[in-house]
Amino acid sequence: RLQNVVQCLSESCPWTKELTADTMLSWLNDECNEMRQELESLDCELSPQNESRDKLISELGDVLFSALMLEMVCRRDYGLDVGEAWQAACAKVERRTPYMNEWGDGKSNANSSEEATQLWKNAKAEEKGASQNLFSVNKPSILTITIWKIANCRATFAIAGFLAGAMICRLD
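Described below are features of the structure shown in this document. Residue numbers restart at each chain and count upward from 1, following the sequence in its written direction. Reporting in this predicted model follows two pLDDT cut-offs: at least 70 for local features of residues, and 80 or more for side-chain atom pairs to be given and counted; totals over whole chains, interfaces and linings ignore these cut-offs and use all residues. Each side-chain value is worked out from all heavy atoms of the structure, with water and hydrogens disregarded.

## Quick word on helix α3 (residues 21-40)
An α-helical turn contains 3.6 residues, so any two residues separated by three or four positions project in the same direction.
And step 1. Helix length check: α3, at 20 residues, gives a terminal C-alpha distance of 28 Å against a target of 28 Å (1.5 Å per residue), a fit within 8%.
And step 2. All of the buried residues in α3 are Ala21, Met24, Leu28, Glu31, Met35 and Glu38. For α3, the angular spread of the buried residues around the axis is 100°, confining them to a single face. Projecting away from the buried face of α3 at angles above 90 degrees are the exposed residues Asp22, Gln37 and Glu40. Numbered from the N terminus, helices here are DSSP runs of H or I no shorter than four residues, and strands are runs of E no shorter than two. To estimate the expected span of a helix, subtract one from its residue number and multiply by 1.5 Å. Think of it in three bands: residues with accessible area under 20% of the maximum for their type are buried, residues over 50% are exposed, and the middle band is partly exposed, with areas taken using a 1.4 Å probe on protein chains only. Here the arc refers to the directions that run from the helix axis out to each C-beta atom.

Following this line, the structure appears as structure tokens:
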């Protein structure tokens with residue numbers, strides 16, 4: 001239903017038609033901060049009839065709505081495809097978790113949270129090093145800069161798409 005609401009807004013709401021990715025990223029950031037504040041304020045376990053639980057549900061709904069709105073704006077303005085974002089998110093997570101039996105390299109092990117975090121950080125550093133090497137040869141071309149910007153935008157889009165999709169899958 002939320003996807004339908006976003007679709008209707010994108011087609012019929014003049015205010016929504018003027019939204020930019022930058023605006024939606026700012027809103028998504030605000031909603032994530034509000035979600036964080038609700039999580040930090042928890043002082044008891046959540047039960048089905050708990051006011052804190054209702055606040056968390058509301059804030060998560062706001063995060064998911066903002067993520068879907070961001071996806072719509074990116075699709076409209078940049079031609080980004082949510083399927084590509086899902087693929088990018090999966091590829092990134094799989095690269096950064098080589099210890100997982102389902103897709104790992106068969107050599108890496110993570111027996112603790114600390115080891116898993118270190119492997120994640122190592123993979124991320126390797127990725128950053130590879131992207132910086134694009135610029136270290138000579139002055140980058142406009143094409144190289146554009147490809148790099150699109151890749152970074154798609155990574156952000158992938159995260160937003162992952163959040164939205166995770167909730168959509170739960171609702172289906």
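From this point, the narrative continues.
## Overview of the nonpolar core
The nonpolar side chains of a soluble globular protein tend to be buried, and buried together.
And step 1. As used in this record, nonpolar core signifies buried Ala, Val, Leu, Ile, Met, Phe, Trp, Tyr and Cys residues forming a set joined through side-chain atoms within 4.5 Å. By size, the foremost hydrophobic cluster in this structure holds 16 residues, and its most contacted members are Met24, Met69, Leu70 and Val73.
And step 2. A per-element tally of this core places helix α4 (residues 51-78) first, with nine residues.
And step 3. Excluding anything up to four places from it in sequence, Val73 contacts Leu19, Thr20, Ala21, Met24 and Tyr78. Any two residues whose heavy atoms approach within 4.5 Å at even a single point are treated as in contact.

## Remarks on the packing of α3 against α4
And step 1. Axis geometry follows a simple rule: fit a line to the C-alpha atoms, using only the stretch in contact for helices, then measure angles between N-to-C directions, giving values from 0 to 180 degrees. Where α3 contacts α4, the two axes come as close as 9 Å, and the packing angle between them is 165°. The angle between α3 and α4 falls in the class roughly antiparallel. The handedness of the crossing between α3 and α4 is left-handed.
And step 2. Gly is placed with the polar residues, together with every amino acid not listed as nonpolar (Ala, Val, Leu, Ile, Met, Phe, Trp, Tyr, Cys and Pro) or charged (Asp, Glu, Lys and Arg). In the contact of α3 with α4, the residues fall into 17 nonpolar, one polar and six charged. Note that the term roughly parallel is reserved for angles under 35 degrees, roughly antiparallel for angles over 145, roughly perpendicular for angles of 65 to 115, and oblique for everything else. Crossings are assigned a handedness: left-handed for a near helix turned anticlockwise from the far helix by less than a right angle, right-handed for a clockwise turn.

## As for the side chain of Thr16
And step 1. Within the fold, Thr16 resides in helix α2 (residues 14-17).
And step 2. When its relative accessible area of 0% is taken as the criterion, Thr16 is described as buried.
And step 3. Not counting chain neighbours up to four residues away, the residues in contact with Thr16 comprise Leu9, Ser10, Met69, Met72 and Arg76.

## Considering the packing of helix α1 (residues 2-12) against α4
And step 1. Relative to each other, α1 and α4 sit at 45°, their axes nearing to 10 Å. The pairing of α1 with α4 is recorded here as oblique in orientation. Note on packing geometry: the crossing formed by α1 with α4 is right-handed. Only Leu64, Phe65, Leu68, Met69, Met72 and Arg75 of α4 make contact with α1, whose side of the interface consists of Leu2, Gln3, Val6, Gln7, Leu9 and Ser10.
And step 2. When its residues are assigned to classes, the contact of α1 with α4 shows eight nonpolar, three polar and one charged.

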